[in-house]
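Results of the structural survey
If you want the building blocks of each chain, they are given just below.
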Amino acid sequence: MARVSIGGRGFRNLKVGERQLLTIVSASKDDKTGVIKVRFEDEEGRSGTETYRIGKGRAKSRANEIALDSFATMAFTALRNWEVDEIDVGDLVGRRVIANVVAQEAENGNTYTHLRNWDEVEEDEPFDSDEATAPEAEEDDAEDDEDDLDDEDLWD
């Protein structure tokens, strides 16, 4: 028999939790069906795909409009630009976002994860989820502005 090394491999779902740093690793749109698929990956290689069924043609249902609104919110956040009218979904690849990963149990008993509550990532600063959720972090950041100036060349 032929052996295959599979240690450390396999699909791993995004971890459920608040303020996850995610990178968009692929994005595609099927013009025939009006479906946009965006795959996100966290820092530990876990991934999840969001599917937006925006429909095709002029007669879009209310569900299609909601899917388009949801996709637009994610795209504006990833691009850090709320003024764009049209994008190429490929422009999202490599962008980072912060989102809450929530679990939803379906009637059949399966559990699915979905992304909610998008937030922008400052691309020129590393993201620390512990710092971002600590209430005193904003006050500390304001007091340490002078120290941050000395460390500026570390991030170049």
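Here, every reference points to the structure presented above.
Owing to the predicted nature of the structure, the values given are computational and were not obtained by experimental measurement.

Conventions adopted
Residue positions are counted from 1 within each chain, in the order its sequence is given. Under the rules for a predicted model, residues below a pLDDT of 70 receive no local features and side-chain atom pairs below 80 are neither given nor counted, while totals for whole chains, interfaces and linings still include all residues. Where side-chain values are given, they derive from all heavy atoms of the structure, hydrogens and water being excluded. Each helix corresponds to a stretch of at least 4 residues labelled H or I by DSSP, and each strand to a stretch of at least 2 residues labelled E; elements are numbered beginning at the N terminus. Any residue under 20% of the maximum accessible area for its type is buried, any over 50% is exposed, and the rest in between are partly exposed; the area is computed with a 1.4 Å probe on protein chains only. Computed with a 1.4 Å probe, the accessible areas rest on the Shrake-Rupley method; for each residue, only the protein chains presented here act as cover. In this scheme, a helix's expected span is set at 1.5 Å multiplied by one less than its residue total. By definition in these notes, contact holds between two residues if any of their heavy atoms fall within 4.5 Å. The pairing test for Phe, Tyr and Trp rings, Trp by its six-membered ring, is centres within 6.5 Å, and the orientation test on the planes gives stacked under 30 degrees, edge-to-face over 60, and tilted for anything in between. For the charge count, each Lys or Arg is scored as positive and each Asp or Glu as negative, with His and the chain ends excluded. A carboxyl oxygen of Asp or Glu within 4 Å of a side-chain nitrogen of Lys or Arg is what we treat as a salt bridge. The definition of a polar contact used here is a pair of N or O atoms within 3.5 Å, where within protein one atom must be able to donate a hydrogen and the other to accept one, and adjacent residues in sequence count solely through side-chain atom pairs. A pair of strands is labelled paired if DSSP reports no fewer than 2 bridges between them.

Once that is clear, we can look at the overall build of the protein. Along the protein, the regular secondary structure elements total four helices and five strands. What you see in the protein, going N to C, is helices and strands ordered as β-β-β-α-β-β-α-α-α. Burial analysis of the protein (156 residues in total) assigns 26% to the buried set. Of the roughly 11,400 Å² that the protein leaves accessible, carbon and sulfur atoms contribute 43%.

Okay, helix α1 (residues 62-79) next. Its 18 residues place the ends of α1 26 Å apart at the C-alpha level, agreeing with the 26 Å of an ideal helix rising 1.5 Å per residue. Among all positions of α1, only N64, A67, F71, M74, A75, F76, T77, A78 and L79 are buried. Residues of α1 that are buried in the fold lie against β1 (17-30), β2 (35-41), β3 (47-53), β4 (96-105) and β5 (111-120). R80, located one to two residues past α1, shows a positive phi value of around 55 degrees.

Moving on to the packing of aromatic side chains. In total, this model carries three aromatic pairs according to the counting rule given. Look at Y52 and F71: their rings are 5.4 Å apart centre to centre, the planes differ by 70 degrees, and that puts the pair in the edge-to-face class. Remark: F71 occurs in helix α1 and Y52 occurs in strand β3; sequence separation between them is 19 residues. Judged on exposure class, the residue Y52 and its partner F71 are both buried. Centroid distance F76 to W82: 5.0 Å. Interplanar angle 40 degrees. Geometry classified as tilted.

Here we take up the side chain of E50. In this fold, E50 is placed in strand β3. Although buried, E50 forms no salt bridge, and the nearest oppositely charged side chain, R116, lies 4.2 Å from it. A polar side-chain atom of E50 sits 3.4 Å from the main-chain amide nitrogen of L115. With residues up to four places along the chain from it excluded, the contact list for E50 reads I36, K37, V38, F40, T113, H114, L115 and R116.

Another aspect to go through is the side chain of N100. Relative to the helices and strands, N100 is located in strand β4. A residue is classified by how much of its surface remains accessible, and N100, at 13% relative accessible area, is buried. Within polar-contact distance, the side chain of N100 engages the backbone nitrogen of R19 at 2.9 Å. Setting aside anything within four residues of it in sequence, one finds N100 in contact with G17, E18, R19, H114, L115, R116 and N117.

Right, let's talk about the pairing of β2 for a bit. Examined bridge by bridge, β1 and β2 share seven bridges and lie antiparallel to one another. Bridged to D30 within β2 is V35. Where β1 hands over to β2, the hairpin turn is made up of four residues, of which G34 adopts a positive phi near 75 degrees. In this sheet, β3 lies alongside β2 in antiparallel orientation, the contact comprising seven bridges. By the bridge assignment for β3, V35 is matched with R53. Two successive antiparallel strands, β2 and β3, enclose a turn made up of five residues, where G45 displays a positive phi of approximately 85 degrees.

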